[in-house]
Amino acid sequence: MKTTLKTNITIKEICDGFDYNESEAKGLFGLSGRLTIQPEYQRNYIYADGKRDVAVIQSILNGYPLGIIYFNKTGKNTFEVLDGQQRITSIGRFVKGLFAVKDNDEMEQYFNGLDTNIQSLILNTKLLIYECEGEEKEIKQWFKTINIAGVPLNEQELRNAIYSGPFVTKAKAKYSNTLNTNKEEWKAYINGTANRQDFLECALSWVSRKMKSKEPIDEYMSLHRTDTDIKELETYFESVIAWISSVFNDVESEMRGLEWGRLYETYKKTKYNSKKVSKQVKDLYANPYVKNRRGIFEYILGGCKNKQLLDIRIFDDATKKTVYDKQTAAADKKGISNCPLCAVGTNANKTKKWALAEMDADHVTAWSNGGATNIANCEMLCKTHNRSKGNK
């Protein structure tokens, strides 16, 4: 790959023709339209937090270096930003009056409100730019290598770079659009933000579940890279969201980030009564013995059978020791095993006295049948019987 150092390009030239798209959080063009600031393999703009964007401008005002910026040469006189788009977009947004910085008197100032000499200082600042030329594969590998923008690319941002094309363009327009009002509904079930590609990654993870590769999202994106629509992705994603809301009437914070794609595939053919489900959720939330609320939803979907999902509060050591001593004393008087189930058996364990370490605490009335986790509902069983008892 060939690189050429440029030291005479000014901020004024970069900002000539700068256009910022609020809906997609993108600074689109510069250099009179010859520079694509955010090609599809780039992440969305994430510096608009009143800190990082302001720090870029303050660095210019203080004469601090902004670091090296890399352009990819795409034609005779056309380029795209390979690295530095967050800094360039911040500069363009400031010059266009989209945010303010504090002056020496701690007053908020937009670009047009600055003294003309300060405006000139900014516009005439020269940037340190390397122009790179090479094959697409080289450029994208280099893009990954020089990821020095301060906030490392996450996995989905890297995938967007590797598999850039019409499919990624369409997918990002829907799932990475911060102005998409649907994101509020999605946030109930999905962790993260549109800006960092979390919704897109989730949608892709759901639809690609049946891929045979160890990296199903990559396989799916590679397979659909040149697709001009995202109908399959949209349909599957919307089906999962609709299914969740049809089963669960209420939205709980613990629902966010669950493996809904897997749960949908496992239970989508099961019929549920949403009113009954709602009552089950409320009852389990109110139960003080349920330690893992995130497991409630899969527990209900699975027919309330797998208690391990709930991490039910166990009997404490003092309770187990007290019950063990009481059972053992009573068994000694009768000459039977201190495990109630062994005592009514017919094998050699009928009179066996188990050590405390050889026994487990169990609910006399199963927890799933309303039994409480207290000393009155505790019995000690040998490990073999306890593990075979289930909910009986």
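Residues numbered from 1 in each chain as written. Predicted model: local features only at pLDDT ≥ 70, side-chain atom pairs only at ≥ 80, totals over all residues. Heavy atoms only, no water.

Draft legend 1. Spatial organisation of the overall build of the protein. Across its full length, the protein holds 17 helices and 11 strands. What you see for the protein is a C-alpha radius of gyration of 31 Å, clearly larger than the 21 Å of a compact globule of 392 residues, by over 25%. Projecting the C-alpha coordinates of the protein onto the three principal axes gives extents of approximately 100 × 50 × 40 Å. Expressed as a percentage of contacts within the protein between residues at least 6 apart in sequence, the contacts between residues at least 24 apart total 62%. Entry remark: accessible area of the protein is about 20,500 Å², with carbon and sulfur atoms responsible for 50%. Positive and negative side-chain charges in the protein, numbering 58 and 50 respectively, have mean positions lying 8 Å apart. (Helix = DSSP H or I, 4+ residues; strand = E, 2+ residues; numbered from the N terminus. Rg over C-alpha atoms; globule rule 2.2 N^0.38 Å. Contact = heavy atoms within 4.5 Å. Areas by Shrake-Rupley, 256 points an atom, 1.4 Å probe, with all protein chains shown as cover. Lys, Arg positive; Asp, Glu negative; His and termini not counted. Charge placed at Lys NZ, Arg CZ, Asp CG, Glu CD.)

Draft legend 2. Spotlight on the pattern of salt bridges. Enumeration over the complete set of coordinates arrives at 19 salt bridges. Measuring nitrogen to oxygen at the nearest pair gives 3.2 Å for the salt bridge that ties Asp83 to Arg87. We classify Asp83 as buried; its relative accessible area is 4%. Salt bridges sharing common partners tie together Arg159, Glu201 and Asp218. (Salt bridge = Lys/Arg side-chain N within 4 Å of Asp/Glu carboxyl O. Buried < 20%, exposed > 50% of the residue type's maximum accessible area, 1.4 Å probe, protein only.)

Draft legend 3. Geometry of helix H9 (residues 198-207). A large share of H9 lies buried, amounting to seven of its 10 residues. When we look at burial in H9, the residues that qualify are Phe199, Leu200, Cys202, Ala203, Leu204, Trp206 and Val207. Against helix H6 (155-162), helix H7 (166-175), helix H8 (183-186), helix H10 (216-223), helix H11 (231-247) and helix H12 (260-267) lie the buried residues of H9.

Draft legend 4. Main features of the packing of aromatic side chains. The final tally for this structure, using the stated rule, is 18 aromatic pairs. Ring centres of Tyr20 and Tyr45 lie 6.0 Å apart, and the angle between their planes is 80 degrees; on these two criteria the pair is classed as edge-to-face. Pair noted here: Tyr20 is in strand E2 (residues 19-21) and Tyr45 is in the loop between strand E4 (35-36) and helix H2 (52-61), with a separation of 25 residues, a long-range link. Since its relative accessible area comes to 14%, Tyr20 is described here as buried. Ring geometry for Phe167 versus Tyr220: centroids 6.1 Å apart, planes at 65 degrees, classification edge-to-face. (Phe/Tyr/Trp six-rings, centres within 6.5 Å; stacked < 30°, edge-to-face > 60°.)

Draft legend 5. Here's a closer look at the pairing of strand E5 (residues 69-73). Counted residue by residue, E5 has four buried out of five residues, so it is predominantly covered. One ladder, built from four bridges, connects E5 with strand E9 (residues 126-133); its direction is parallel. Looking at the pairing, Tyr70 lines up with Tyr130 of E9. As paired elements, E5 and strand E6 (residues 79-83) share four bridges and run antiparallel to each other. Each bridged residue has a counterpart across the sheet, and for Tyr70 the counterpart in E6 is Asp83. (Pairing = 2+ DSSP bridges.)

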